[in-house]
Amino acid sequence: MKNKVKKNHVSVAKFPHRVKALEELGVKWHSENDARFDVMFQRLLDYKKEHGTFRMPSLDLCKESGDPDLIQLHNWVFSQVGSFRYQLKTKKVSVVQRFLNVGFSFERWYATNGHVFERSIPKFDDFARRYVRNGGRMEKEDVEA
């Protein structure tokens, strides 16, 4: 059973000494989204450790495997890549940096035939590096790409 107590919950917020006591016990105040991200990111790292790559099988192959955890991981990675590619301005620099720091490729996360990557497509990994380097600002060339 999960106990969820938020720092701004009435039973905590009205009593600052409770916040201090909980923090001294090691409580970290994270949002649910941050906690879910951390769990899924760790699952992605575990996947790479087990398979030697971040490349995921297609969603159809994930479904054929019957592994609900693999399907969930695929969908999460797909949503992260999609939000990076199409909603970059909403991505935290620290999130993009975490992916880059572990060697994740926003271009080649999906295991497929090489011909897909021979097309003239934007270099999303280069965008990601510039985005992080610029503190979350996009360069003119990236906006026009």
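Sequence positions are assigned chain by chain, starting from 1 and proceeding in written order. Per-residue local features are limited, in this predicted model, to residues with pLDDT of at least 70; the limit for side-chain atom pairs, both in listing and counting, is 80 or more; totals at the level of whole chains, interfaces and linings are taken over all residues. Hydrogens and waters are ignored; side-chain quantities use all the structure's heavy atoms.

## Things to note about the overall build of the protein chain
Here's step 1: Elements are defined by DSSP. Helices are runs of H or I of four residues or more, strands are runs of E of two residues or more, and each kind is numbered from the N terminus. A tally of regular secondary structure across the protein chain gives nine helices and zero strands.
Here's step 2: In sequence order, the protein chain lays out its α and β elements as α-α-α-α-α-α-α-α-α.
Here's step 3: The buried label goes to any residue with under 20% of its type's maximum accessible area, the exposed label to any with over 50%, and the partly exposed label to all in between, with areas taken from a 1.4 Å probe on protein chains only. Put simply, the protein chain has 145 residues, and 28% of those count as buried.
Here's step 4: Expressed as a percentage of contacts within the protein chain between residues at least 6 apart in sequence, the contacts between residues at least 24 apart total 50%.
Here's step 5: Counting every atom, the protein chain has about 10100 Å² of accessible surface; 51% of that belongs to carbon and sulfur. Note on contacts: a residue pair is in contact if any heavy atoms of the two residues lie within 4.5 Å. Note that accessible areas follow from Shrake-Rupley with a 1.4 Å probe, and for residues the cover is restricted to the protein chains shown.

## So, the nonpolar core
Here's step 1: Note on terminology: a nonpolar core comprises buried Ala, Val, Leu, Ile, Met, Phe, Trp, Tyr and Cys residues joined through side-chain atoms within 4.5 Å. Core analysis: the largest hydrophobic core is formed by 26 residues, its most contacted members being W76, F99, F104 and F106.
Here's step 2: Put simply, the parts of the chain that give this core at least two residues each are helix 3 (32–51), helix 5 (68–86), helix 6 (93–101) and helix 8 (124–133).
Here's step 3: Per element, the largest residue contribution to this core is six residues, and it comes from helix 5.

## Examining the packing of aromatic side chains
Here's step 1: To pair, rings of Phe, Tyr and Trp, with the six-membered ring standing in for Trp, must have centres within 6.5 Å; the planes then decide the type, stacked if under 30 degrees apart, edge-to-face if over 60, and tilted in the middle. Tallying each qualifying case throughout the model produces seven aromatic pairs.
Here's step 2: Ring centres of F54 and F104 lie 5.6 Å apart, and the angle between their planes is 65°; on these two criteria the pair is classed as edge-to-face. Of the two residues, F54 sits in the loop between helix 3 and helix 4 (59–65) while F104 sits in the loop between helix 6 and helix 7 (115–118), which places them 50 residues apart along the sequence.
Here's step 3: Exposure remark for F54: the relative accessible area of 6% places this residue in the buried category.
Here's step 4: Here, a charge over a ring is recorded when the distance from Lys NZ or Arg CZ to the ring centre is within 6 Å and its angle to the ring normal is within 35 degrees. R98 extends its terminal NZ or CZ atom over the ring of F41, reaching a point 4.5 Å from the ring centre.

## Details of the environment of F99
Here's step 1: Positionally, F99 belongs in helix 6.
Here's step 2: Residue class for F99 comes out buried when judged on its relative accessible area of 1%.
Here's step 3: Those residues within four positions of F99 in sequence are excluded, and the remaining contacts are F37, F41, L44, W76, Q80, F104 and F106.

## Things to note about the packing of helix 6 against helix 8
Here's step 1: Axis separation between helix 6 and helix 8 bottoms out at 9 Å; the angle between their running directions is 130°. Relative to helix 8, the element helix 6 lies oblique. In terms of crossing hand, the pair formed by helix 6 and helix 8 is left-handed. Residues V93, V96, Q97 and L100 of helix 6 pack against A128, R129, Y131 and V132 of helix 8.
Here's step 2: When the residues that make up the contact of helix 6 with helix 8 are grouped by side-chain class, the tally is six nonpolar, one polar and one charged. Note on definitions: angles span 0 to 180 degrees between N-to-C directions of axes, and those axes are lines fitted to C-alpha atoms, for helices only across the stretch in contact. Note on angle classes: values under 35 degrees are labelled roughly parallel, values over 145 roughly antiparallel, values of 65 to 115 roughly perpendicular, and the remainder oblique. For any helix crossing, the convention is left-handed if the near helix is rotated counterclockwise from the far helix by under a right angle, and right-handed if that rotation is clockwise. Side-chain classes are defined by residue name, with Ala, Val, Leu, Ile, Met, Phe, Trp, Tyr, Cys and Pro counting as nonpolar, Asp, Glu, Lys and Arg as charged, and the others, Gly among them, as polar.

## Some details on the environment of L59
Here's step 1: You can see L59 is positioned in helix 4.
Here's step 2: According to the relative accessible area criterion, L59 is partly exposed, its value standing at 25%.
Here's step 3: For L59 and F78, which are 19 residues apart along the polypeptide, the C-alpha to C-alpha distance reads 9.5 Å.

## Topic: helix 6
Here's step 1: Within the span of helix 6, buried status applies to V95, V96, F99 and L100. All buried residues of helix 6 project into a common sector of 135° when viewed along the axis, lining one side.
Here's step 2: Downstream of helix 6 by one or two residues, G103 has phi in the positive range, about 90°. Within this analysis, the arc is defined by the directions that extend from the helix axis to the C-beta atoms.

What is shown is where atoms sit, not what they do.
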